[in-house]
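Spelled out, the chains give:
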Amino acid sequence: MRQGSWIGWIGAAALGASMLVGAQTASAQTFQVQSIDALGCNSGDFRMTVVRAGLDGGSYVVRTVVQGGGLVYMNESASITTDSSDSWGLFDLFNYGSVPNPGTWPIPQNTPLQIDFTLERPVGTVLDAWTLNVSGCNTGAITYNGPTPAVAAVPATSLPGLIALSGALAGLGVMARRRRRG
């Protein structure tokens, strides 16, 4: 097979994979913070409006993790089933599991917080991830409100990961072939 045809095939496969991923994202389930409605640092005081969309009526889990000052103040598992816009609060809950560095309530005032939400089905399989960063539970100034920034690499066993791995291996093969020829 000619070198150019490998490159063309890899490019077409990568384009197809990106179109496939984009199509899946367009109709995906989402969990997003719309607004902050109440401030406070005691359990249950800090409230937000969240919007859930794309749910099919089945059982989903929303994991809420609140971190600030190197401590975790919440690691909650909540069950949801349907689309809606409703109130969501921060609570002294650790029913998703224990953490090695739990904080005690009330959360100290003026402590910047990162509030991470993952929509999961089943538990541990993340369908959507959203992050809200605020200046403190008492101030509520939003410093970020959007999709959780990706930090992990694409697993090699996913379709995009396999395509990327195949492309990398094909490129190495082409380079090795060129070196043999001189």
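Residues numbered from 1 in each chain as written. Predicted model: local features only at pLDDT ≥ 70, side-chain atom pairs only at ≥ 80, totals over all residues. Heavy atoms only, no water.

Peer 1: Break down the overall build of the protein for me, citing the residues and quoting the values.
Peer 2: Across its full length, the protein holds two helices and eight strands. For the protein, the sequential pattern of α-helices and β-strands runs α-β-β-β-β-β-β-β-β-α. By the burial criterion, 32% of the 182 residues in the protein qualify as buried. Within the protein, residue pairs in contact and separated by at least 24 positions form 56% of the contacts whose partners lie at least 6 positions apart. Just so you have it, the protein exposes about 10300 Å², and 60% of that area is on carbon and sulfur atoms. (Helix = DSSP H or I, 4+ residues; strand = E, 2+ residues; numbered from the N terminus. Buried < 20%, exposed > 50% of the residue type's maximum accessible area, 1.4 Å probe, protein only. Contact = heavy atoms within 4.5 Å. Areas by Shrake-Rupley, 256 points an atom, 1.4 Å probe, with all protein chains shown as cover.)

Peer 1: Just give me the short version of the sheet that holds strand β1 (residues 30-38), but keep the residues and values in it.
Peer 2: Taken together, the three strands give an open sheet; going across it, the order is β1-β2-β5, and neighbouring strands pair in antiparallel fashion. Looking at the sheet topology across the chains shown, the edges are occupied by β1 and β5 (84-89). Averaged over all adjacent pairs, the angle separating strand axes in this sheet is 30°, with direction ignored. Both strand β2 (residues 47-53) and β5 contribute to a ladder of six bridges, which runs antiparallel. Bridged to V51 within β5 is S85. (Pairing = 2+ DSSP bridges. Axes fitted to C-alpha atoms, helices over the stretch in contact; angles between N-to-C directions.)

Peer 1: Tell me about the sheet that holds strand β7 (residues 126-134), residues and numbers included.
Peer 2: In a beta sheet, neighbouring strands are held together by backbone hydrogen bonds and run either parallel or antiparallel to one another. Pairing in this open sheet of five strands is antiparallel, and the strands run β4-β3-β6-β7-β8 from one edge to the other. Looking at strand neighbours, the two that pair on one side only are β4 (71-80) and β8 (142-147), the edges of this open sheet. On average, each strand axis in the sheet is inclined to that of its neighbour by 15°, with strand direction left out of account. Bridge count for strand β3 (residues 60-68) against strand β6 (residues 113-120) is seven bridges, and the pairing is antiparallel. Its bridge partner being in β6, V61 is matched across the sheet by E120.

Peer 1: Tell me about the confidence of the model for the protein, and please be specific about residues and values.
Peer 2: Residues of the protein with pLDDT of at least 70 account for 68%, and the chain-wide mean is 80. Per-residue pLDDT, averaged within each element of the protein, yields its smallest value for helix α1 (residues 3-26) (37) and its largest for β3 (97). (pLDDT = per-residue confidence, 0-100.)

Peer 1: Can you tell me about the side chain of N75, naming the residues and giving the values?
Peer 2: Turning to its location among the elements, N75 is positioned in strand β4. Given the relative accessible area of 2%, N75 is considered buried. Residues within four places of N75 in sequence aside, it is in contact with R63, T64, V65, L93, F94, N95, Y96, G97, S98 and V99.

Peer 1: Report on the pattern of salt bridges, specifying residues and quantitative values.
Peer 2: Counted by the stated rule, this structure contains two salt bridges. The salt bridge involving R52 is made with D86; its shortest N-O contact spans 3.3 Å. With R52 in strand β2 and D86 in strand β5, the pair connects residues that are 34 residues apart, well separated along the chain. By relative accessible area, D86 is classed as partly exposed at 26%. The partner of R121 in a salt bridge is D56, with the nearest N and O atoms 2.9 Å apart. Separated by 65 residues along the polypeptide, R121 in the loop between β6 and β7 and D56 in the loop between β2 and β3 bring together distant segments of the chain. For D56, a relative accessible area of 52% corresponds to the exposed category. (Salt bridge = Lys/Arg side-chain N within 4 Å of Asp/Glu carboxyl O.)

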